[in-house]
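Summary of the model geometry
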Amino acid sequence: MINKIIAFFTTSIKRRLIITITFAHVFLMSIFVYDLINKQEDFLKKQNIEQVKSLSNMIERNSISWVLSNDFLGLEELIYSISKYPNLEYAMVLNKEAKVLAHSQKELVNLYLADDISLDFFNSQKIEPSILVQNDAIIDYISPIIMENQHIGWVRIGLNQDLTLQNLKNIFQEGLFFIFLAIVIGYLFSYFLAKNITKDLYDLIKIANQTATGDKKQRSKVYLNRKDELGILSKEINKMLDKIEEDEKKLEITNMQLENDIVELEILDKKLSELNQDLEKKVEEKTYELKLLNENLEKEIEDEVEQNRQKDNMLFQQSKMASMGEMMENIAHQWRQPLSFISTSASGIRLHKEFNTLSDELLDEAIENIMNSTQFLSNTIDDFRDFYKTDKVKSKFNVKEIIEKTLKLTSSRFTNRAIKVIKDIDEIFIFGFENELIQVLVNILNNARDELEKLPNDERFIFVTLKQKEDKVIISVKDNAGGVNEKIINRVFEPYFTTKSDEKGTGIGLYMSNEIITKHFNGKIHVQNEVFIHQQKEYKGANFVIEVPL
Ligand SMILES: Nc1ncnc2c1ncn2[C@@H]1O[C@H](COP(=O)(O)OP(=O)(O)OP(=O)(O)O)[C@@H](O)[C@H]1O
Ligand SMILES: [Mg+2]
């Protein structure tokens, strides 16, 4: 219940203002009325005392002679003359012994005062004016009658307080009226004040509500009539609403732009997916075409490879034939000497036979010579036949032996051209087709010989070395014929590349050598021109280096 009452006043500024101002009015008015009544009461009491004193004074002065002459009629006259005095309850003149000489109530004359208050006072022997009783009902005042410093009697007066009370009552009633008036005026005043303030506040609340429900155009007009805090608040709210509206507009524009962007994006997306589909289709088509092409290509490559293989075979045969030609020359040369030896021996036998000088010794010697020569011829044939056999299987062979064999087969072609072969050969075994290595060496040696032939002097050398370097076999064939022309040195391993005339060279020697070393021996072959010193003389020549893994 109390909570509800508190809530009732605290949930509305208007009610708070009304209650506060009204209470303030009532409070102030109550203090004022209370203070007024108190002061008025004091004033009236003092006025009553003054009244009673002056009345008593007047009776004292006029009663002196009557008291001295014991003239009670004169006193009675005096008392009677004041009996009409308003508020007078009683008035009396007493002698020193408290006997009533005159009284406003005649039946009390000649009696003695014997009430408690009177007895108390007279017993105290005081001779001075005193207030015996003062309360809301009465003021009882006594004053001595003095003549030439002689105390001759007393005047005692009782004034009732009825008028005073009436006055106070009137003032209190007026006070209540003013308090009521204060409530009414306070209420009305605070009501209009509160209404004036809250009306504008409600106006602001209304604007806020309208804004919240979507009507953003409303603005407060409170600031037009007010320059106080509410006016400022109204202006600030308007500013805030303007800002919100502006922001919303911006937001709307951004939104629109975004929507446009989204539409554009959607269009782009659609285009992209169309393009994608197109692309996919094209890719499919192209893939198919590629597949076909690939198949064709594979076939073409196969064909090409086959053709190349055939070509290589042909080249190989060609190269072999070429070296065979060389060999035939060698055979012819090597056979010339034993053949003439045989012929000489045979014709010697015939001559000795004709002249009958053929002894057994001569015949044996001649036959021995003929047999040796034929044996030599037979050996030579074997060597060449071996060389022209094609190796079927790879075998482990001594490279040194192979080099020696090759030099033996070709030696006649060097010796008749005054070419000195200088060897530095170690004993090393490798794995492969030995006749193919012979073919390579024959090619390189023949090339060197061809170049050395061109030299004018007789200082013609071929240096053949065979060494092992780490896990490789290094064969080097170096001449002093001046080296390969730098302009063509990078092309010498190309097929059909030659600087020689038709009958002297076909240009496949080094090409075949390279094929054999790289493909059949997993090795490498290269050439470089070198300047070197031999027997204190400087020479220049080509150095062909073959590297074959062990
Ligand atoms: N030792 C060398 N010194 C200088 N030039 C050389 C040497 N060896 C080869 N050449 C050059 O390299 C070229 C190619 O040699 P390659 O052996 O392949 O063919 P070719 O000797 O001309 O003909 P063939 O097919 O009869 O051997 C030669 O024509 C020559 O010009
Ligand atoms: Mg050659």
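Residues numbered from 1 in each chain as written. Chains lettered and ligands numbered in written order. Predicted model: local features only at pLDDT ≥ 70, side-chain atom pairs only at ≥ 80, totals over all residues. Heavy atoms only, no water.

Under an unreviewed UniProt entry, the protein chain has the name histidine kinase and belongs to Arcobacter cloacae. According to UniProt, the comment filed for the protein chain under the heading Subcellular location (unreviewed entry) is "Cell membrane". (UniProt positions renumbered as here; feature names shortened; annotations may be inferred.)

A few words now on the packing of aromatic side chains. Summed over all chains, the structure comprises 11 aromatic pairs. Note on Phe121 and Phe122: the rings are 5.6 Å apart at their centroids and 70 degrees apart in plane angle, and the pair reads as edge-to-face. The two residues Phe121 and Phe122 agree in class, both being buried. Geometrically, the ring pair formed by Phe121 and Trp154 is edge-to-face, given 5.3 Å between the ring centres and 80 degrees between the ring planes. One end of the pair, Phe121, is in helix H4 (residues 116–123); the other, Trp154, is in strand S5 (residues 150–160), and 33 residues separate them in sequence. No difference in accessibility class separates Phe121 from Trp154, as the two residues are buried. When the ring centre of Phe8 is taken as origin, the NZ or CZ atom of Arg15, which lies over that ring, is 4.1 Å away. Sitting above the plane of the Phe532 ring, Lys478 keeps its charged end 4.0 Å from the centroid. (Phe/Tyr/Trp six-rings, centres within 6.5 Å; stacked < 30°, edge-to-face > 60°. Buried < 20%, exposed > 50% of the residue type's maximum accessible area, 1.4 Å probe, protein only. Helix = DSSP H or I, 4+ residues; strand = E, 2+ residues; numbered from the N terminus. Lys NZ or Arg CZ within 6 Å of the ring centre and 35° of its normal.)

This brings us to the nonpolar core. Nonpolar side chains in soluble globular proteins tend to be buried together. Counting residues in hydrophobic clusters, the biggest one holds 48 residues, and the most contacted among them are Ile403, Leu437, Ile462 and Ile475. The biggest single contributor to this core is helix H10 (residues 434–453), with 9 residues. If near-sequence neighbours (up to four positions away) are discounted, Ile403 is found in contact with Ile425, Leu441, Val464, Leu466 and Ile475. Membership of the second largest hydrophobic core comes to 22 residues, among which are Leu75, Ile79, Leu101 and Ile139. (Core = buried A, V, L, I, M, F, W, Y, C linked by side-chain atoms within 4.5 Å. Contact = heavy atoms within 4.5 Å.)

On to helix H11 (residues 509–520), then. Since the α-helix advances by 3.6 residues per turn, residues separated by three or four positions end up pointing in the same direction. Here H11 contains 12 residues, and its C-alpha end-to-end distance of 16 Å stays within 8% of the 16 Å for a straight helix at 1.5 Å per residue. Inspection of H11 places Leu510, Tyr511, Met512, Ser513, Asn514, Glu515, Ile516 and Ile517 among the buried residues, and these make up the whole buried set. (Expected span 1.5 Å × (residues − 1).)

So, on to the pattern of salt bridges. Enumeration over the complete set of coordinates arrives at 26 salt bridges. Residue Asp228 is joined to Arg226 by a salt bridge in which the shortest nitrogen-to-oxygen separation is 2.7 Å. For Asp228, a relative accessible area of 28% translates into the label partly exposed. Of the charged contacts in the structure, one is a salt bridge between Arg309 and Glu306, with a shortest N-O distance of 3.0 Å. One end of the pair is Arg309 and the other is Glu306, both in helix H7 (residues 229–354) and 3 residues apart, which spans about a single turn. Classification of Arg309 as partly exposed rests on a relative accessible area of 47%. (Salt bridge = Lys/Arg side-chain N within 4 Å of Asp/Glu carboxyl O.)

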